[in-house]
Amino acid sequence: MTAPTKASRAKPATAKQAAEPRRERVFSGIAPSGTPTLGNYIGAIRNWVAEQDIYDNIFCVVDLHAITVPQDPAELRANTRQLAALLFASGIDPKRSVLFVQSHVSAHAELAWILNCVTPTGWLNRMTQFKVKAGEDRESVSAGLYVYPVLMAADILLYQTDVVPVGDDQVQHVELTRDIANTFNFRFGETFVEPKARIREVGARIMALDDPAKKMSKSGAEASYISLVDPPTAIRKKIARATTDSERTIVFDENRPGIFNLLTIYQALGGETREQIEAEFAGKGYKEFKAALADLVVATLEPVQQRYTEITADPAELDRLLAQGAEQVRPRAEAMLKLAKERVGLL
Ligand code: ATP
Ligand code: LTN
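Residues numbered from 1 in each chain as written. Chains lettered and ligands numbered in written order. Predicted model: local features only at pLDDT ≥ 70, side-chain atom pairs only at ≥ 80, totals over all residues. Heavy atoms only, no water.

A. Broad picture of helix α16 (residues 315-344). Helix length check: α16 (30 residues) gives 42 Å between terminal C-alpha atoms against 44 Å at 1.5 Å per residue, within 8%. Along α16, the positions that sit buried rather than exposed are L318, L321, L322, G325, A326, V329, A333, A335, M336, L337, L339 and A340. With its phi angle positive at about 105 degrees, G345 sits one or two positions after the end of α16. (Helix = DSSP H or I, 4+ residues; strand = E, 2+ residues; numbered from the N terminus. Expected span 1.5 Å × (residues − 1). Buried < 20%, exposed > 50% of the residue type's maximum accessible area, 1.4 Å probe, protein only.)

B. Spotlight on unusual backbone geometry. You will see that Q160, though not glycine, has its phi angle at about 50 degrees, which is positive. Structurally, Q160 can be placed in the loop between α10 (148-157) and β4 (163-165).

C. Representation of the packing of helix α5 (residues 73-89) against α16 in the model. Packing of α5 against α16 leaves a shortest axis separation of 11 Å and a crossing angle of 85 degrees. With respect to their mutual orientation, α5 and α16 come out roughly perpendicular. Judged by residue contacts, R81, A84, A85 and F88 of α5 engage P315, L318, D319, L321 and L322 from α16. The residue inventory of the contact of α5 with α16, partitioned by class, reads seven nonpolar, no polar and two charged. (Axes fitted to C-alpha atoms, helices over the stretch in contact; angles between N-to-C directions. Parallel < 35°, antiparallel > 145°, perpendicular 65-115°, else oblique. Contact = heavy atoms within 4.5 Å. Nonpolar A, V, L, I, M, F, W, Y, C, P; charged D, E, K, R; others polar.)

D. Local environment of the site of ligand 1. As a structural note, the neighbourhood of ligand 1 is formed by 21 residues, with S33, K215, S217, K218 and S219 the closest of them. Here an oxygen atom of ligand 1 sits 2.5 Å away from a polar atom, N or O, in the side chain of S219. About the coverage of ligand 1: the protein hides 95% of its 600 Å² of free accessible area. Ranked by residues supplied to the shell around ligand 1, first place goes to helix α3 (residues 38-50) with four residues. (Near = heavy atom within 4 Å. Polar contact = N/O pair within 3.5 Å; in protein donor to acceptor, adjacent residues only side chain to side chain. Areas by Shrake-Rupley, 256 points an atom, 1.4 Å probe, with all protein chains shown as cover.)

The analysis is restricted to geometry; functional conclusions fall outside its scope.
Take a look at the structure:
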């Protein structure tokens, strides 16, 4: 099999393909570092689902990224399966998209090593996510956490990805991926496609319910997020307790981050404009707005949770779908890895 270089990929293999414009390749990943949250759903998952027919999609449960911070082995195993099941439950359709687990395709770790060897440490020192995640503890966090963005670059570059849909926290990593691709191509000849990040305007960054200065995150405290498997009672309670302020009006004001965040969630899920929402709640109190928001979140998650229950009832089918996903991407990943190895002189 010939390796898919930039040039060979661009050439349509059949007359039919020549008539159809090539669909852009999308790659995106999500870490099994906890139960996915409403932030993941709004910022990532639901967009992946909505755009399945527009792009040639590859979605990945990035378990190798999860172990960059300590994980309990049994929990990691469970979280990986739960996340995959929730992605299918949210509407990722194995007939239209590929979904697989990162560690099932060893080319990811292998390419990451090669890319580690062309990435200047100065670039990694500038990564905001590393600074945030390492915090005061820079000396004791793992080397894996430091090179996390390089593994992410490997994920993306293995598949000649054009577009990476991400929340705004990941844009810097996609920029780094472009720089790594560029450096590699310059040193060893045209090999990788430089990807573009695509961020969604509304809901690009959903904040923690208990502290709107922080991002809602699946590895955060229980009261900070709504998980995709939270029962309605928990959802209502968490929203009722969400941090707001002592003012009364329900308006989109970035200087009032608590209510702004809740309104952003309402807008992202309901699809109305800011003006429509402000008009709807003019003269009403926080309590009423929070109840309406809770109803909307519960209604959004109900079908996902129903489907999730069905999927978890058949674990063998989930295994089969994940094995099928890995088989679909493995040949492409291995061809790209082989090309990179040749370029570097390992083959
Ligand atoms: P962790 O707690 O392990 O850092 P996380 O919940 O922050 O995880 P990731 O697995 O890093 O989420 O991200 C998966 C996808 O969800 C990415 O595209 C990311 O940009 C998006 N995402 C994560 N959190 C949010 C959020 N609060 N708002 C919008 N999008 C988000
Ligand atoms: N770092 C990303 C997860 C991730 C990813 C990727 C996203 C790993 N590999 C490749 C897009 C493309 C995150 O924290 N959301």
